[in-house]
Amino acid sequence: LTVEMQFYALMLLLFLLKKLNNIETIGTTICFICLSYDTILQKHLPNIYHIINNAFVLINHFPLFVSGIVFYRLKFQGHTINRYLLLLLCFITQLFLFDNGGQSHGFISLNQYILLLVLYYALFFAYVKNKLNILVAKPLLFLGTISYPLYLIHQYLSIHILLPYLQLIIPNKIIVVFVSCIINLLLASIIYFYIEKPASPALKRYLLTKLNAKKKKKNNHLHP
């Protein structure tokens, strides 16, 4: 979750600085920084490049996060040429960053990565144009509901536990993968319905109580 946590930290910083309304301009600037980092820094200052690459892994995926923000604004705040140009910049920048993409590099080729990005962008464009209503089906909604715990557990659980042990007792690889998927889905469902869903309102009440207490204390200082 390092990439996501660094993104959340950046958004928190922009929120505290009251710069969230300028996120598109900031995103454009950082995309150009990413291009410079990947082309100039990697070639001329490789030691600094590797330090940044290991410490700030968000930089290798930042254009994808900006793309998500832009697609949201296209849908709910209107279509502008600048937003479409920013999407193009994000797409191009992400291609430049392909070799730095961690586990994606080595598993797929650049051509395959391009096809995946085109597919992702096409799906989001369809979302903006309200063309994904066909996906509003109970099985898919259920998968969406448990998607976050599934996202958290599937890689480690599958690669390090399920697949190695299942292959010892099941000779058919297709069946191994199928059983692994079922176990992942079951465990993700348990985590969501018995941990995440009950804990969320309790955590929200706790945070609101703390926030209200802080506001009350502040008002008492202002109006003794």
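Placed above this text is the structure.
Residues numbered from 1 in each chain as written. Predicted model: local features only at pLDDT ≥ 70, side-chain atom pairs only at ≥ 80, totals over all residues. Heavy atoms only, no water.

What about unusual backbone geometry?
Condition: In this description a helix means any DSSP run of H or I spanning at least four residues, a strand means any run of E spanning at least two, and both kinds are numbered starting from the N terminus.
One non-glycine residue, K18, lies in positive phi territory at about 60 degrees. Tracing the backbone through its elements, the reader meets K18 in the loop between helix 1 (2-16) and helix 2 (23-44). The backbone of N130 sits at a positive phi, close to 60 degrees, despite the residue not being glycine. Inspection of the secondary structure assignment puts N130 in the loop between helix 6 (110-128) and helix 7 (138-145).

A word on the side chain of S189
Formally: Here a residue-residue contact requires only that any non-hydrogen atoms of the pair lie within 4.5 Å.
Position of S189 relative to the elements: it lies in helix 9 (residues 173-222). Beyond its immediate chain neighbours, meaning those up to four positions away, S189 contacts F142 and I146.

Regarding the side chain of Q94
Counted only if it meets this: Three exposure classes are used, based on accessible area relative to the maximum for each residue type with a 1.4 Å probe and protein chains only: buried under 20%, partly exposed in between, and exposed over 50%. Any N or O atom pair separated by 3.5 Å or less is treated as a polar contact, with the protein-specific requirement of one donor-capable and one acceptor-capable atom, and with residues adjacent in sequence counted only for side-chain atom pairs.
Within the fold, Q94 resides in helix 5 (residues 81-96). Judged by relative accessible area, which is 2%, Q94 ranks as buried. In terms of polar contacts, Q94 uses its side chain to reach the side chain of Y113, at 3.1 Å. The residues contacting Q94, other than those within four sequence positions of it, are N60, H61, P63, L64, Y113 and L117.

Here we look at the environment of L168
With respect to the helices and strands, L168 occurs in helix 8 (residues 147-169). Note on L168: relative accessible area 69%, which makes it exposed. Taking the C-alpha atoms as reference points, L168 and D99, separated by 69 residues in sequence, lie 35 Å from one another.

Describing the packing of helix 5 against helix 6
The cut-off we apply is this: All axes here are fitted lines through C-alpha atoms, helices being fitted over the stretch that makes contact, and every angle between N-to-C directions spans 0 to 180 degrees. These descriptions rest on fixed angle ranges, namely under 35 degrees for roughly parallel, over 145 for roughly antiparallel, 65 to 115 for roughly perpendicular, and the rest for oblique. Left-handed describes a crossing in which the near helix is turned anticlockwise from the far one by less than a right angle; the clockwise case is right-handed. We call Asp, Glu, Lys and Arg charged. Ala, Val, Leu, Ile, Met, Phe, Trp, Tyr, Cys and Pro are nonpolar, and the rest, Gly among them, are polar.
Packing of helix 5 against helix 6 brings their axes to within 11 Å, and their N-to-C directions diverge by 155 degrees. Considering the angle they form, helix 5 stands roughly antiparallel to helix 6. As for the relative orientation of helix 5 and helix 6, their crossing is right-handed in sense. Contacts between helix 5 and helix 6 involve Y84, L87, C90, F91, Q94 and L95 from the former and L110, Y113, I114, L117, V118, Y121 and F125 from the latter. Across the contact of helix 5 with helix 6, the residue classes break down as 12 nonpolar, 1 polar and no charged.

Examining the packing of helix 2 against helix 3 (residues 46-55)
Helix 3 packs onto helix 2 with a crossing angle of 130 degrees between their chain directions and a minimal axis gap of 5 Å. Between helix 2 and helix 3, the interaxial angle falls into the category oblique. Each of Y37, D38, L41, Q42, K43 and H44 in helix 2 lies in contact with helix 3, whose residues at this interface are P46, I48, Y49, I52 and N53. For the contact of helix 2 with helix 3, the class distribution of residues is 6 nonpolar, 3 polar and 2 charged.

Section: the layout of surface pockets
To keep things clear, this is the line we draw: Points on a 1 Å grid over protein atoms alone make up a cavity when a 1.4 Å probe fits among them but cannot get out, and a pocket when they form an open set with protein on both sides within 12 Å along at least five of seven lines; lining residues each have an atom within 4 Å of a point. Grid points are joined across faces, edges and corners, and a volume is the space filled by probe spheres set on the points.
Each pocket or cavity is described by its volume, and for the second largest pocket that value is around 200 Å³. Forming the boundary of the second largest pocket are Q6, L10, I30, I33, C34, F56, L58, I59 and F62. Broken down by secondary-structure element, the contributors of at least two residues to the lining of the second largest pocket are helix 1 and helix 2. Broken down by element, the lining of the second largest pocket gets its largest block of residues, 3 residues, from helix 2. In terms of residue class, the lining of the second largest pocket is built from 8 nonpolar, 1 polar and no charged.

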